[in-house]
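In case you want the letters, here they are:
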Amino acid sequence: SRQLVEGCPPIGALAPQAAQAMAGTGLILEVSNLSEHTFRLDGEMLCSGSWRTDPDTAILPGAKTQIELAAAQFGGVKGLVWWVDDQKRDTYLSMAFSNPRLQSGISPAVFTCIAGTPPANLKAELAHAHTLPLDVEVAPEAAGCSWIATQVGPQTII
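Since we're looking at a predicted model, the values are computed, not measured.

Chemist: For this particular structure, what's the right way to read the packing of aromatic side chains?
Modeler: Two measures describe an aromatic ring pair: the distance that separates the ring centres and the angle between the ring planes. In the structure shown here, the tally under the stated rule is one aromatic pair. With 5.1 Å between their ring centres and 80° between their planes, F111 and W147 make a pair best called edge-to-face. Taken as a pair, F111 in strand β8 (residues 110-116) and W147 in strand β11 (residues 147-148) lie far apart in primary sequence, 36 residues in all. As far as burial versus exposure is concerned, F111 and W147 are alike and both buried.

Structure follows, in structure tokens:
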């Protein structure tokens, strides 16, 4: 069973009209799993936003998996999610992200990803996450993963 981590204010459910208005906003993660591991969601801390795709979708080895998070009415999408390999449970895929609905120099879209051993403090990773440059590969040393933002804005695609 997955963990829900405390640390964010609760997000209320959107009214149906507001949910329709948010349909084109949020975060799309296109995960290419180049490992031999099948990853399953192990925990999350969504400060803002909600799952648009089934959070129990497995990230299969050698495949591309699309994960979508919907923006909250005013807050955009912000949080932490981590998956663990479903066999030995010793390899993790951890992500921290923030995609504000209204982005600016003081509030840009940010993202980081760590594959392998989980970070000691994923919340701290969010505080140090990389601003998303458009169409530039980001590959931090020793992160075990890389990413490219192909669209940055109210709907960001990584």
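Chemist: Where do I start with the pattern of salt bridges in this structure?
Modeler: When their charged atoms lie close together, side chains carrying opposite charge are able to pair. Going through the model one piece at a time under the given rule, you end up with three salt bridges. Here R89 and D42 are joined by a salt bridge, their closest N and O atoms 2.8 Å apart. One end of the pair, R89, is in the loop between β6 (77-85) and β7 (92-99); the other, D42, is in strand β3 (residues 39-48), with 47 residues separating them in the sequence. Residues E68 and R52 are paired through a salt bridge, measuring 3.5 Å at the closest nitrogen-oxygen approach. Of this pair, E68 sits in strand β5 (residues 64-70) while R52 is found in the loop between β4 (50-51) and β5, placing the two residues 16 residues apart along the sequence.

Chemist: Got a minute to help me understand the layout of surface pockets in this structure?
Modeler: Empty pockets left among the atoms are what a rolling probe the size of a water molecule brings to light. One number sums up the size of the largest pocket: a volume of about 570 Å³. Elements that contribute at least two residues to the lining of the largest pocket include exactly β2 (26-32), β7, β8 and β11. A total of four residues in the lining of the largest pocket trace back to one element, the largest contributor, which is β2. In terms of residue class, the lining of the largest pocket is built from 14 nonpolar, eight polar and three charged.

Chemist: Help me out: how do you make sense of the side chain of N33 in this one?
Modeler: You can see N33 is positioned in the loop between β2 and β3. On the basis of relative accessible area, N33 is assigned to the buried category, the value being 5%. A polar contact is formed between the side chain of N33 and the backbone oxygen of H37, at a distance of 2.7 Å. Within polar-contact distance, the side chain of N33 engages the backbone oxygen of L60 at 3.2 Å. Apart from the residues within four sequence positions on either side, N33 is in contact with F39, I59, L60, P61, G62 and A63.

Rules of the game
- Residues numbered from 1 in each chain as written.
- Predicted model: local features only at pLDDT ≥ 70, side-chain atom pairs only at ≥ 80, totals over all residues.
- Heavy atoms only, no water.
- Phe/Tyr/Trp six-rings, centres within 6.5 Å; stacked < 30°, edge-to-face > 60°.
- Helix = DSSP H or I, 4+ residues; strand = E, 2+ residues; numbered from the N terminus.
- Buried < 20%, exposed > 50% of the residue type's maximum accessible area, 1.4 Å probe, protein only.
- Salt bridge = Lys/Arg side-chain N within 4 Å of Asp/Glu carboxyl O.
- 1 Å grid on protein atoms, 1.4 Å probe; cavity = no way out; pocket = protein on both sides within 12 Å on 5 of 7 lines; lining within 4 Å.
- Points joined across faces, edges and corners; volume = space filled by probe spheres on them.
- Nonpolar A, V, L, I, M, F, W, Y, C, P; charged D, E, K, R; others polar.
- Polar contact = N/O pair within 3.5 Å; in protein donor to acceptor, adjacent residues only side chain to side chain.
- Contact = heavy atoms within 4.5 Å.

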